[in-house]
Amino acid sequence: MTSIHLQAKEIAEIVIKSSYSIAFTGAGISAESGIPPFLGEGGIWSRYNPEVLEIDYFFRQPMKSWTVIKEIFYNFFVDVKPNAGHKILSKWENEGMLDAIITQNIDNLHQMAGSCEVYEFHGTTSRLICTDCNKTFSSESILSEKMLPTCTDCNGLLKPDFIFFGEGIPLKAYQQSIDAARKCKVFFIIGTSGEVSPANQIPALAKESGAVIIEINKETSFYTNRISDYFLQGSAGEILPLIDHYIQLNKVNRP
Ligand code: NAD
Ligand code: ZN
């Protein structure tokens, strides 16, 4: 048995025994769905000036900001679908093997795969929020209309309900993520470089609480030599099904 199979087998046993398990995901888990991460392959992000995602710029130049936002998040990524990695996490939640996902992604793919307990640390593209009255809208219902979406109640400017540079973390997701990290026994870190703060502080909370840290990434990350107990090098869409294979085997073989 190769070492990655041995690791996957060992992890399967740990996951089955764990009373509370969390997955912390980043752009890497969605790479196989066709959304390029910031780091690694795929240079689309370098084609855009990041200032369109700065909150001050958005209020100063809403039309310019929205033009690019629509192009990247609502036109380019419109047909993306969950991949094998997202699907395994959703299956594990159904089977009582995974308690929640903390995601830095804003692409809604965990929910599309069927996951319910998802803490969106950076918000989501799937909703728009009124910058005047805070009313929220489904992105689909609004985006087909005019270039600059406005609130049907107060006519205020709508913005995607994900955080722009210069905005704080959504309070509820922040608190849920901290609570989950503090009480978990197993903490998966999947497809994230650990370069973005304060999200990158969440895994350390799990480590401090004594959780087993299992990292899956194509490359080593900020976490690999600091806190990861297991580092499985490869794509999430291959490694997660491999761990699942041993979980299912283990369940069948149990007396
Ligand atoms: P990142 O771009 O900084 O790092 C991506 C990581 O994923 C890298 O370490 C890379 O080696 C790894 N990776 C690439 N392909 C992989 C695969 N198939 N399987 C496993 N690992 C793989 O991403 P980040 O750490 O999430 O930080 C980027 C920030 O940008 C986040 O805040 C996120 O909100 C945002 N972002 C979101 C999306 C999305 O919603 N899908 C996409 C790009 C960026
Ligand atoms: Zn409003």
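Residues numbered from 1 in each chain as written. Chains lettered and ligands numbered in written order. Predicted model: local features only at pLDDT ≥ 70, side-chain atom pairs only at ≥ 80, totals over all residues. Heavy atoms only, no water.

Undergrad: Looking at this structure, I do not really get the overall build of the chain. What am I missing?
TA: Counting its regular elements, the chain contains ten helices and nine strands. Dimensions of the chain, computed from the C-alpha atoms along their principal axes, are close to 60 × 35 × 30 Å. Pairs at least 24 residues apart make up 67% of the contacts formed inside the chain by residues separated by at least 6 positions. If you sum the accessible surface of the chain, you get close to 12300 Å²; carbon and sulfur atoms cover 51% of it. Positive and negative side-chain charges of the chain, numbering 22 and 29 respectively, have mean locations separated by a distance of 3 Å. (Helix = DSSP H or I, 4+ residues; strand = E, 2+ residues; numbered from the N terminus. Contact = heavy atoms within 4.5 Å. Areas by Shrake-Rupley, 256 points an atom, 1.4 Å probe, with all protein chains shown as cover. Lys, Arg positive; Asp, Glu negative; His and termini not counted. Charge placed at Lys NZ, Arg CZ, Asp CG, Glu CD.)

Undergrad: I tried to follow helix 4 (residues 62–76) on my own but got confused; where do I start?
TA: Helical geometry note: an α-helix holds 3.6 residues per turn, so side chains three or four residues apart project in the same direction. Compared with the 21 Å implied by 1.5 Å per residue over 15 residues, the 20 Å span of helix 4 between its first and last C-alpha is a close match. Residue K70 marks the point of greatest curvature in helix 4, where the axis turns by about 35 degrees. (Expected span 1.5 Å × (residues − 1). Bend = angle between axes of the 7 residues up to and from the residue.)

Undergrad: For this particular structure, what's the right way to read the pairing of strand 2 (residues 100–103)?
TA: If a strand is regular, its side chains alternate between the two faces of the sheet. What you see with strand 2 is no split at all: A100 and I102 on one side and I101 and T103 on the other are buried throughout. Here strand 1 (residues 21–25) runs beside strand 2; their pairing, made up of four bridges, is parallel. In the sheet register, F24 faces strand 2, and the bridge partner there is I102. Where strand 2 lies against strand 3 (residues 118–120), three bridges are found, and the strand directions are parallel. Bridging from a neighbouring strand, I101 pairs with V118 of strand 3. (Buried < 20%, exposed > 50% of the residue type's maximum accessible area, 1.4 Å probe, protein only. Pairing = 2+ DSSP bridges.)

Undergrad: I keep staring at the coordination of the zinc ion (ligand 2) and nothing clicks. Help me out?
TA: Around a metal, the perfect tetrahedron of four donors has angles of 109.5 degrees, and the perfect octahedron of six donors has angles of 90 or 180 degrees. Bound to the zinc ion (ligand 2) on the protein side are C130 (SG), C133 (SG), C151 (SG) and C154 (SG), at distances that span 2.3 to 2.4 Å. Bound by four donor atoms, the zinc ion (ligand 2) shows angles of 98 to 120 degrees at the metal and therefore tetrahedral coordination geometry. Written as a sequence motif, the donor residues of the zinc ion (ligand 2) are C-x2-C-x17-C-x2-C. (Donors = N, O, S within 2.8 Å, 3.2 Å for Na, K, Ca; no water. Tetrahedral: all angles 85-135°; square planar, octahedral: opposite > 155°, others 65-115°.)

Undergrad: Can you help me understand the sheet that holds strand 5 (residues 136–138) in this one?
TA: In any sheet, the strands associate via hydrogen bonds between backbone groups, in a parallel or an antiparallel arrangement. An order of 5-4-6 is seen for the three strands of this open sheet, with the pairing classed as antiparallel. In the strand order of this sheet, the two ends are held by strand 5 and strand 6 (158–162), each with one partner. The mean angle between the axes of side-by-side strands here comes to 45 degrees, regardless of whether they run parallel or antiparallel. Here strand 4 (residues 123–130) pairs with strand 5 via three bridges, running antiparallel. When the bridges of strand 5 are listed, R127 appears paired with S138. On the sheet, helix 4 packs against strand 4 and strand 6 and is oriented at approximately 40 degrees with respect to strand 6. (Axes fitted to C-alpha atoms, helices over the stretch in contact; angles between N-to-C directions.)

Undergrad: Please explain the nonpolar core as it appears in this structure.
TA: If you look at soluble globular proteins, the nonpolar side chains tend to sit buried side by side. In terms of nonpolar packing, the biggest core is built from 28 residues, with W66, I69 and F73 touching the most fellow members. Among the elements of the structure, helix 3 (55–60), helix 4, strand 4, helix 7 (139–143) and strand 6 are those that each provide at least two residues to this core. A total of six residues in this core trace back to one element, the largest contributor, which is helix 4. Each of domain 1 (1–35 + 82–122 + 170–255) and domain 2 (36–79 + 127–162) accounts for three or more of the residues forming this core. Residues in contact with W66, not counting those within four places in the same chain, are F58, Y74, L128, L143, M147, L148, P149, L157, L158, K159 and P160. (Core = buried A, V, L, I, M, F, W, Y, C linked by side-chain atoms within 4.5 Å. Domains from an automatic or database assignment.)

Undergrad: How should I be thinking about the layout of surface pockets in this particular structure?
TA: Left-over empty space is what a probe sized like a water molecule reveals as it rolls over the atoms. Its volume calculated, the second largest pocket comes out at about 380 Å³. E120, G123, R127, D161 and P170 are, among the 20 residues lining the second largest pocket, the residues nearest its centre. Elements that contribute at least two residues to the lining of the second largest pocket include exactly strand 3, strand 4, strand 6 and helix 8 (171–183). In terms of residues, the lining of the second largest pocket owes the most to one element, strand 4, which gives four residues. Taken together, the residues of the lining of the second largest pocket break down into nine nonpolar, five polar and six charged. Shared between two domains, the lining of the second largest pocket takes at least three residues from each, and those domains are domain 1 (1–35 + 82–122 + 170–255) and domain 2 (36–79 + 127–162). (1 Å grid on protein atoms, 1.4 Å probe; cavity = no way out; pocket = protein on both sides within 12 Å on 5 of 7 lines; lining within 4 Å. Points joined across faces, edges and corners; volume = space filled by probe spheres on them. Nonpolar A, V, L, I, M, F, W, Y, C, P; charged D, E, K, R; others polar.)

Undergrad: How should I be thinking about the site of ligand 1 in this particular structure?
TA: F38, Q104, T192, S193 and N217 are the nearest of the 28 residues found near ligand 1. A distance of 2.9 Å separates an oxygen atom of ligand 1 from a polar atom in the backbone of I106. Contact distances for ligand 1 include 2.7 Å between a nitrogen atom and a side-chain N or O atom of D107. For ligand 1, the accessible surface in isolation is 850 Å², of which the surrounding protein chains cover 93%. The element that contributes the greatest number of residues to the shell around ligand 1 is helix 2 (residues 27–31), accounting for four residues. (Near = heavy atom within 4 Å. Polar contact = N/O pair within 3.5 Å; in protein donor to acceptor, adjacent residues only side chain to side chain.)

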